[in-house]
Structure formats: C-alpha cells, structure tokens
Amino acid sequence: MKTFNVKAYGTESKDADLKEMQIERREATPKDIEIEILYCGVCHSDLHTARNDWGGTKYPSVPGHEIVGKITKIGEEVTKFKVGDLAGVGCMVDSCKECESCAQDLEQYCMNGSTGTYNGIDKHLEGHTFGGYSEKVVVNEDFCLKIPENLDLQAVAPLLCAGITTWSPLKHWNVKEGSKVAVVGLGGLGHMAIKLAKGLGAEVTLFSRSPDKIQDALDLGADAVVISNYENEMEAVHGRFDLIIDTVPYDHDLNPYMSTLNINGTLVLVGFIGKMDEGLFTPPMILGRRSVAGSVIGGIKETQEMLDFCGEHNIVSEIEMIKMQDINAAYERMLKSDVRYRFVIDMQSLKN
Ligand code: NAP
Ligand code: ZN
C-alpha cells in the first residue's frame, strides 16, 4: 500500500514528553478522504493514553481525537464529501459494520472492537493508528462527520469527543424539557454536558470541587452549583436528579452522589476507568431503584445529530488555543483541573 509521511507530535514512552516525529499515512483508498488537520482538541484521554494510565498504550503514541480540517483528497468511491469541504473525525475510524451493535448505529460498542483514532489496530498499515496531533489524517468517509458551516471551526473540534460523549447519555436516558440533570466535574466533558443538557431544556446542576468555577458554570448555563465537599450543600439536593453525568477522570467516592438521585435515577460514568476503591453502598440502589451505568462516546449517526443540533442551537466549546509545542505544559495544567474549558491545538503551529 502506498504511503506518505507527515509531521506529528507524540511520545516514545509513558514518562517522556511529547515531541515532533514523522508518521506514515496511507494514500487515500477508494472510500477514504484525506484531511488537512486545522484544529485538534486536547482530551484528558490523550493524556491517559500518552502516560499509559489504562495500560495497553502502544508507542510511539500520537494522541488526538477531536479533529477538524479541510479535505485535500478523496477516493474515487467517496460520495459524502468533496475536496475543499470541512470534515471532522472523532474517537473512531473504523468498526466491523456487521455485528448487532454496528447494525444499530452503535459502532462505539462494536462487538468485534471499533478502531480507535489512536492506539487502535490499523487495518490498512501494519501497527497501530495515530491521532490528530499531526498534519493530515486519512479516514474512511463513513467515519467522517460534516461540520455545520455557521459554527466557529476551532470551537467545534471538542464536540467530536467531549460533545458526543455527553450527548449520548443525555439522549439515551431521554433528557428533555424539565429533566433534572447534574454534571460532576467542570472540565472539557463537564462544560459540554452543561451546554447540551441546557440545549435539551433540562434544569442543570454542577457538582464541582472548585468554588472558583461557580461563576463560569452559571455563565455556561448551569442553574445551580453544588460544591461537592460541602456536606450541607450535598444534603440540600438529596433525592433530586433524574440523571447524573460523572466526568471525573480518577478514582472517587460515588456514594455521596447516589443519594442525590431521585427514585429511578441513574448515575452514568463517562470518566474513570478502573476499580473504585470506596465500593458502592447498595441501599440507595435497592430502596430507590437507582442505577450506576457507564457510556462511551457515541455512534457516527448520533455524532452527526449532535453536530447538527449544535449548529441549530449555536453550541460550541469554550476553548483556549495553544500551539502544538505547548502540549506538555497543557497536560500539566489539565492535571491541575486548570483548563477553561478545552485546549485546542492550532495545527498551523506544527508547520513552523
Ligand atoms: P478534564 O477537562 O481534565 O476535566 C475533568 C474535571 O473533573 C476537572 O476539571 C475537575 O473538575 C474534575 N476532577 C479532576 N480530577 C478530579 C478528582 N481527582 N476528583 C474529583 N474531581 C476531579 O477532563 P475531560 O477531558 O473532561 O475528561 C474527563 C474524563 O472522561 C477523562 O477520564 C477522560 O479520559 C474521559 N473520557 C471518556 C470518554 C468516554 O467516551 N466515556 C470520552 C472522553 C473522555 P472540578 O474542578 O469542577 O472539580
Ligand atoms: Zn476524548
């Protein structure tokens, strides 16, 4: 298979900084589009992967799965896009397309394993996939999204992961006008959860550890903020929420949140992957039919629906633009929850 080299930013090991490197991309096959990447959002999953927090990272690792750019080439069988169009790529670039999940537009739950935009098994080239911290990416058109033209392109990038990851549970648990939704953690996912839940007409509360984010949360549309380590504030929202979206990236105690769910309420985890040390106290579940669930990104059809919804409702991410060369400092700030509220890399900086 024909390939070409592009500049990228990645890391050789879990302890090393990210630095410039060369990676291979395939020449567009008949169903592929080649995208010149203009902006790439920085997700906490990028950091988890670069530093092997979940195990299984393949090196060199080039993160990035909030990709927007301009199409520079298309294969001869491409029908959805043309050269010069804008396109987006999120967390997946392939799936089996045959299993029960894929048949229901749930490629993220592909029973044969969907292919991650980075750290996935590359079905075309040997080795693993490389993400959006790079000049170009080549992706099957079925896994590419159309970008609403009225939105600010750089602020659209985070919708491709942070947006869909919070949209999918809001839709699955049928959030609508008047639903009572809470969000745990005001970072990249958290701030999108607030905007999207508000867009759907819900009443939204933020749980945060950070009193200095209260005003921002209200400005983003939250109706209330509860500082999660103030017991009296937690007590005041006892039995209140239909759905809680928990975006915290690290192990934490879920029990204080469970009693803030209404009867039949669900706490859906989208952040921490691993074993919760504290354990779950079961009476709130058994005596109130409350659930703890999890959710991963969203299917391609659902991602397009989310983007179209954002186009109609003028919803984008709050971003801080960085240069590619600033990525290591950005990761350190992310670890301190000091992101307001998504870093986006201006990929022009990789050309310099
Ligand atoms: P982020 O921007 O760093 O935001 C996380 C927020 O969680 C922080 O701003 C902070 O908010 C809170 N937080 C951080 N550490 C905490 C701790 N130890 N205890 C309690 N709260 C803490 O991260 P993100 O990009 O939104 O990603 C969040 C998580 O979702 C990551 O683990 C990421 O890998 C995962 N993720 C999952 C999916 C999926 O499909 N399920 C997709 C994308 C990302 P406050 O300051 O308000 O407390
Ligand atoms: Zn992500």
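Predicted model only: the values in this text are computed from it and were never measured. (Residues numbered from 1 in each chain as written. Chains lettered and ligands numbered in written order. Predicted model: local features only at pLDDT ≥ 70, side-chain atom pairs only at ≥ 80, totals over all residues. Heavy atoms only, no water.)

Novice: For this particular structure, what's the right way to read the domain arrangement of the protein chain?
Specialist: How big an interface is tends to be reported as the loss of accessible area on association of its parts. According to the domain assignment, the protein chain contains domain 1 (3–161 + 318–351) and domain 2 (162–294). Contacts between the two partners involve 17 residues from domain 1 and, on the opposite side, 20 residues from domain 2. Note on domain 1 versus domain 2: buried area summed over both sides is about 1,400 Å², and carbon and sulfur give 49% of it. There are 3 salt bridges connecting domain 1 and domain 2. Applying the counting criterion to the domain 1 and domain 2 interface returns 17 residue pairs in polar contact (both at pLDDT 80 or more). A per-element tally of the side of domain 1 that touches domain 2 places helix α1 (residues 44–50) first, with 3 residues. Each residue belonging to the side of domain 1 that touches domain 2 can be placed in one class, and the counts come to 8 nonpolar, 4 polar and 5 charged. (Domains from an automatic or database assignment. Contact = heavy atoms within 4.5 Å. Buried area = accessible area lost by both parts, 1.4 Å probe. Salt bridge = Lys/Arg side-chain N within 4 Å of Asp/Glu carboxyl O. Polar contact = N/O pair within 3.5 Å; in protein donor to acceptor, adjacent residues only side chain to side chain. Helix = DSSP H or I, 4+ residues; strand = E, 2+ residues; numbered from the N terminus. Nonpolar A, V, L, I, M, F, W, Y, C, P; charged D, E, K, R; others polar.)

Novice: Explain the pattern of salt bridges here, please?
Specialist: A side chain with one charge may pair with a side chain of the opposite charge, provided their charged atoms come close. Scanning the entire structure with this criterion turns up 21 salt bridges. The partner of D212 in a salt bridge is R340, with the nearest N and O atoms 3.1 Å apart. Taken together, the positions of D212 in the loop between β10 (203–208) and α6 (214–220) and R340 in the loop between α11 (327–335) and β16 (342–346) put the pair 128 residues apart, joining distant regions of the chain. Residue D212 is classed as exposed on the basis of its relative accessible area, which comes to 54%. The exposure class of R340 is partly exposed, given its relative accessible area of 30%. Overlapping salt bridges, with partners in common, bring together K31, K97, E141 and D142 in one network. (Buried < 20%, exposed > 50% of the residue type's maximum accessible area, 1.4 Å probe, protein only.)

Novice: Is there a simple way to think about the coordination of the zinc ion (ligand 2) in this case?
Specialist: Octahedral metal centres with six donors ideally show angles of 90 or 180 degrees, and tetrahedral centres with four donors ideally show 109.5 degrees. Looking at the zinc ion (ligand 2), one finds its protein donor set to be C43 (SG), H65 (NE2) and C161 (SG), positioned 2.0 to 2.2 Å from the metal centre. On the basis of relative accessibility, which here comes to 7%, the residue H65 falls in the buried class. (Donors = N, O, S within 2.8 Å, 3.2 Å for Na, K, Ca; no water.)

Novice: Explain the side chain of H191 to me, please; I cannot follow it from the model alone.
Specialist: By the secondary structure assignment, H191 is in helix α5 (residues 188–199). A residue is classified by how much of its surface remains accessible, and H191, at 0% relative accessible area, is buried. Here S317 takes part through its side chain, which lies 3.1 Å from a polar atom of the side chain of H191. The residues touching H191, leaving out its near neighbours within four places in the chain, are L186, L220, S317, E318, Y341 and R342.

Novice: Even after reading the chapter, I still don't get the site of ligand 1, so can you show me in this structure?
Specialist: In the vicinity of ligand 1, 28 residues are found, and the nearest of them are H44, S208, S210, K213 and R342. The separation between an oxygen atom of ligand 1 and a polar side-chain atom of H48 is 2.9 Å. Between an oxygen atom of ligand 1 and a side-chain N or O atom of K213, the distance comes to 2.7 Å. In isolation ligand 1 has 920 Å² of accessible area, and contact with the protein removes 90% of it. With 3 residues, the single largest contributor to the shell around ligand 1 is α1. Split by residue class, the shell around ligand 1 holds 12 nonpolar, 13 polar and 3 charged. The residues that make up the shell around ligand 1 include at least three from each of domain 1 (3–161 + 318–351) and domain 2 (162–294). (Near = heavy atom within 4 Å. Areas by Shrake-Rupley, 256 points an atom, 1.4 Å probe, with all protein chains shown as cover.)

Novice: Quick question: what am I supposed to make of the sheet that holds β10 here?
Specialist: Adjacent strands of a sheet form backbone hydrogen bonds with each other and so pair up, either parallel or antiparallel. The strand order across the open sheet formed by 6 strands is β11-β10-β9-β12-β13-β14, and the pairing between neighbours is parallel. The two strands at the open ends of the sheet, each matched to only one other strand, are β11 (224–227) and β14 (291–294). Each strand of the sheet is rotated relative to its neighbour by a mean of 20 degrees, with strand direction disregarded. Of the strand pairs in this sheet, strand β13 (residues 261–269) and β14 are connected by 4 bridges, and their pairing is parallel. Opposite T266, over in β14, you have S291 as the bridge partner. (Pairing = 2+ DSSP bridges. Axes fitted to C-alpha atoms, helices over the stretch in contact; angles between N-to-C directions.)

Novice: Got a minute to help me understand the packing of helix α4 (residues 162–172) against α5 in this structure?
Specialist: For any two helices packed against each other, the geometry comes down to the angle between their axes and how far apart the axes lie. One can describe the packing of α4 onto α5 by two numbers: an axis separation of 8 Å at closest approach and a directional angle of 50 degrees. The orientation of α4 with respect to α5, classified from their angle, is oblique. Taken as a pair, α4 and α5 cross one another with a handedness that is right-handed. Between α4, through A162, G163, T165, T166, W167 and L170, and α5, the contact on the second element is made entirely by G188, L189, M192, A193, L196 and A197. Classifying every residue of the contact of α4 with α5 gives 8 nonpolar, 4 polar and no charged. (Parallel < 35°, antiparallel > 145°, perpendicular 65-115°, else oblique. Left-handed = near helix turned anticlockwise from the far one by under 90°.)

Novice: So what exactly am I meant to see when it comes to the environment of L196 here?
Specialist: Within the fold, L196 resides in helix α5. Since its relative accessible area comes to 0%, L196 is described here as buried. Taking the C-alpha atoms as reference points, L196 and T166, 30 residues apart in sequence, are found 7.7 Å from one another. Look past the residues within four positions of L196 in its chain and what remains in contact with it is G163, T166, W167, L170, F309, C310 and I315.

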